[in-house]
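What follows is each chain in one-letter form.
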Amino acid sequence: MAELTAAHDLVQNLAQDVVAGKRRALARAITLIESQKPSHRAQAQDLLSALPKDRQAVRIGLSGTPGVGKSTFIEAFGMFLADQGLKLAVLAVDPSSARTGGSILGDKTRMDRLSRHPGAYIRPSPSQSHLGGVGRRTREATMLCEAAGFDVVLIETVGVGQSETMVAGMTDLFLLLMAPAGGDELQGVKRGIMEMADLILVNKADGDLMPAATRTCADYAGALRMLRKRPRDPQDFPKAMMVSALAETGLQAAWDDMQTLIQWRRDTGVWDAIRADQALGWMQEEVQSGLRAALETHPQAGAVLAQVQGDVRAGTLAPSTAAHRVLQAFAAGGAEFSDTENSPDSR
Ligand code: GDP
């Protein structure tokens, strides 16, 4: 009991330090929410519940295939924002990092100038491959960064379809970074990804690449016009524009456009509606993953599952009947939910 109280006090102090903007506390808090240990999960829930809910950052998702210039862009754009006195946190979603051994070193050295700026905080991606786990971790880390008073939380993801959908589902704005390309490469961009983008930034619009960048930008602008107009967008959005992360050009224009979009969405209530939908979506995801985990470890349901699997395979039992039996065993047997209790209320 005394141990529990001590842990509770520790978490309350940590929450206070995070809110006071102490970087080391933020780093420790993110480490806590990344931990899979059940006792840490309970503390993480406590921590998130103790955070104030009235601080909002602009959450920006950024995606693009490797080599397109994401780190160069984040460094340039991050410095641009930080030099204006804005506080910026960078989080990374990299489901492949477990395979490649993690980009822990990579992230720090990739954004050398930004990582040394007092207004910026860069959190390397954890070596965790399970997309669901990465999603929760990133949402919770975003909550922590908002509570810590950051103005902008930028979430970077590598161009893998599923992680893009996930990041678009937890951000206010979604940026797609593209490289100048030959005419036919446009086809390669998945329509779904284009539909998620609020701004397509054609990077490397400099030097010899300028003509190709101009052509590519016009192609994307054309393609965006063909997509169905989203009611949540003002005139001219989503749009394609050119930037150069290396020459640091186009950054002001890109930021201006983001501000326009943000202001429009705030004025029309779209901003709150998107956040409300995302909060609800997060809760539903947590419920589903909690149910799935409980089902997987449920003895009676597991026994029925083992029993019916062969029959379903053999075609002697209808899949829906078999599923019904498994669920009935689950419902009858009582279930243990270890992690979804006390879920933090999100915004
Ligand atoms: P990431 O894999 O998407 O993070 O891409 P990087 O930021 O590591 O950049 C990949 C390569 O593209 C590097 O050699 C960069 O120097 C180069 N690069 C990035 N941005 C620009 C740009 O605006 N112009 C030019 N010419 N090269 C760039």
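1. Digging into the overall build of the protein
- Looking only at helices and strands, one finds 14 helices and 7 strands in the protein.
- Buried residues in the protein amount to 48% of all 347 residues.
- Entry remark: accessible area of the protein is about 17100 Å², with carbon and sulfur atoms responsible for 55%.

2. Quick word on the packing of helix 2 (residues 23-34) against helix 3 (residues 38-49)
- Axis separation between helix 2 and helix 3 bottoms out at 8 Å; the angle between their running directions is 130 degrees. With respect to each other, helix 2 and helix 3 are oriented oblique. With respect to the hand of their crossing, helix 2 and helix 3 are arranged in left-handed fashion. Of the residues in helix 3, those touching helix 2 at Ala29, Leu32 and Ile33 are His40, Arg41, Gln43, Ala44 and Leu47.

3. A few points about the site of the ligand
- Not every one of the 15 residues close to the ligand is listed here, only the nearest: Gly67, Lys70, Ser71, Thr72 and Asp206.
- Here Gly67 contributes a backbone N or O atom positioned 2.7 Å from an oxygen atom of the ligand.
- Taking Leu246, its main chain carries an N or O atom lying 3.0 Å from an oxygen atom of the ligand.
- Isolated, the ligand exposes 580 Å² of accessible area, and the fraction of that covered by the protein chains is 69%.
- A per-element tally of the shell around the ligand places helix 4 (residues 70-83) first, with 3 residues.

4. Side note on a nonpolar patch on the surface
- A grouping of Leu280, Met283, Val287, Leu291 and Phe337 is seen on the molecular surface, where their side chains present a nonpolar patch of about 420 Å² in accessible area.
- Residue classification places Leu280 among the partly exposed positions, given a relative accessible area of 45%.

5. Examining the environment of Arg59
- One can find Arg59 in strand 1 (residues 58-64).
- Here Arg59 falls in the buried class, since its relative accessible area comes to 9%.
- The contacts of Arg59, once residues within four sequence positions are left out, are Thr142, Glu146, Val153, Met170, Thr171, Asp172, Leu173, Arg275 and Gln278.
- A polar side-chain atom of Arg59 sits 3.0 Å from a polar atom in the side chain of Glu146.

6. A short note on the confidence of the model for the protein
- Mean pLDDT for the protein: 87, with 87% of residues reaching 70 or above.
- In this model, residues 98-105 is a region of pLDDT below 50 whose contacts with residues beyond four sequence positions or in other chains number 9 contacts.
- With pLDDT under 50 throughout, residues 340-347 is counted as low confidence; its partners more than four residues away or in other chains account for 17 contacts.

7. Describing the sheet that holds strand 6 (residues 199-202)
- Here 7 strands make up an open sheet; going across it, the order is 3-2-4-1-5-6-7 and the pairing parallel. The two strands at the open ends of the sheet, each matched to only one other strand, are strand 3 (120-123) and strand 7 (239-242). Going from strand to strand, the sheet's axes swing by 20 degrees on average, the running direction of each strand aside.
- Pairing geometry for strand 2 (residues 88-93) and strand 4 (residues 152-158), over 6 bridges, is parallel. Of the residues in strand 4, the one forming a bridge with Leu91 is Ile155.
- With respect to the sheet, helix 10 (residues 210-226) is in contact with strand 5 (173-178), strand 6 and strand 7, its orientation differing from that of strand 7 by roughly 175 degrees.

8. Some thoughts on the side chain of His298
- Along the polypeptide, His298 turns up in the loop between helix 12 (270-296) and helix 13 (299-314).
- Polar contacts involving the side chain of His298 include one to the main-chain carbonyl oxygen of Phe330, which spans 3.5 Å.
- Setting aside its immediate chain neighbours within four residues, His298 contacts Ala329, Phe330, Gly333, Gly334 and Ala335.

9. So, the packing of aromatic side chains
- Applying the stated criterion across every chain, the model contains 4 aromatic pairs.
- Their ring planes at 20 degrees and their centres at 6.1 Å tell us that Phe77 and Phe80 sit as a pair that is stacked. On the criterion of helical spacing, the pair formed by Phe77 and Phe80 is a turn pair, its members being 3 residues apart in helix 4.
- A network of ring pairs unites the aromatic residues Phe73, Phe77, Phe80 and Trp255 as a single cluster.
- Positioned over the ring face of Phe150 is Lys87, at 5.1 Å from the centre of the ring.

10. Re the nonpolar core
- Residues Leu26, Leu47, Leu144 and Ile200 are the most contacted members of the largest nonpolar core, which totals 51 residues.
- The two domains that each donate at least three residues to this core are domain 1 (1-51) and domain 2 (52-268).
- Setting aside its immediate chain neighbours within four residues, Leu47 contacts Val11, Leu14, Ala15, Ala29, Leu32 and Leu144.
- Ranked by size, the runner-up nonpolar core spans 35 residues in total, among them Val90, Ile122, Leu175 and Ala245.

Thresholds, definitions, all that
- Residues numbered from 1 in each chain as written.
- Predicted model: local features only at pLDDT ≥ 70, side-chain atom pairs only at ≥ 80, totals over all residues.
- Heavy atoms only, no water.
- Helix = DSSP H or I, 4+ residues; strand = E, 2+ residues; numbered from the N terminus.
- Buried < 20%, exposed > 50% of the residue type's maximum accessible area, 1.4 Å probe, protein only.
- Areas by Shrake-Rupley, 256 points an atom, 1.4 Å probe, with all protein chains shown as cover.
- Axes fitted to C-alpha atoms, helices over the stretch in contact; angles between N-to-C directions.
- Parallel < 35°, antiparallel > 145°, perpendicular 65-115°, else oblique.
- Left-handed = near helix turned anticlockwise from the far one by under 90°.
- Contact = heavy atoms within 4.5 Å.
- Near = heavy atom within 4 Å.
- Polar contact = N/O pair within 3.5 Å; in protein donor to acceptor, adjacent residues only side chain to side chain.
- Patch = residues over 30% accessible without salt bridge, like charges linked within 9 Å, V, L, I, M, F, W, Y side chains within 5 Å.
- Salt bridge = Lys/Arg side-chain N within 4 Å of Asp/Glu carboxyl O.
- pLDDT = per-residue confidence, 0-100.
- Pairing = 2+ DSSP bridges.
- Phe/Tyr/Trp six-rings, centres within 6.5 Å; stacked < 30°, edge-to-face > 60°.
- Lys NZ or Arg CZ within 6 Å of the ring centre and 35° of its normal.
- Core = buried A, V, L, I, M, F, W, Y, C linked by side-chain atoms within 4.5 Å.
- Domains from an automatic or database assignment.

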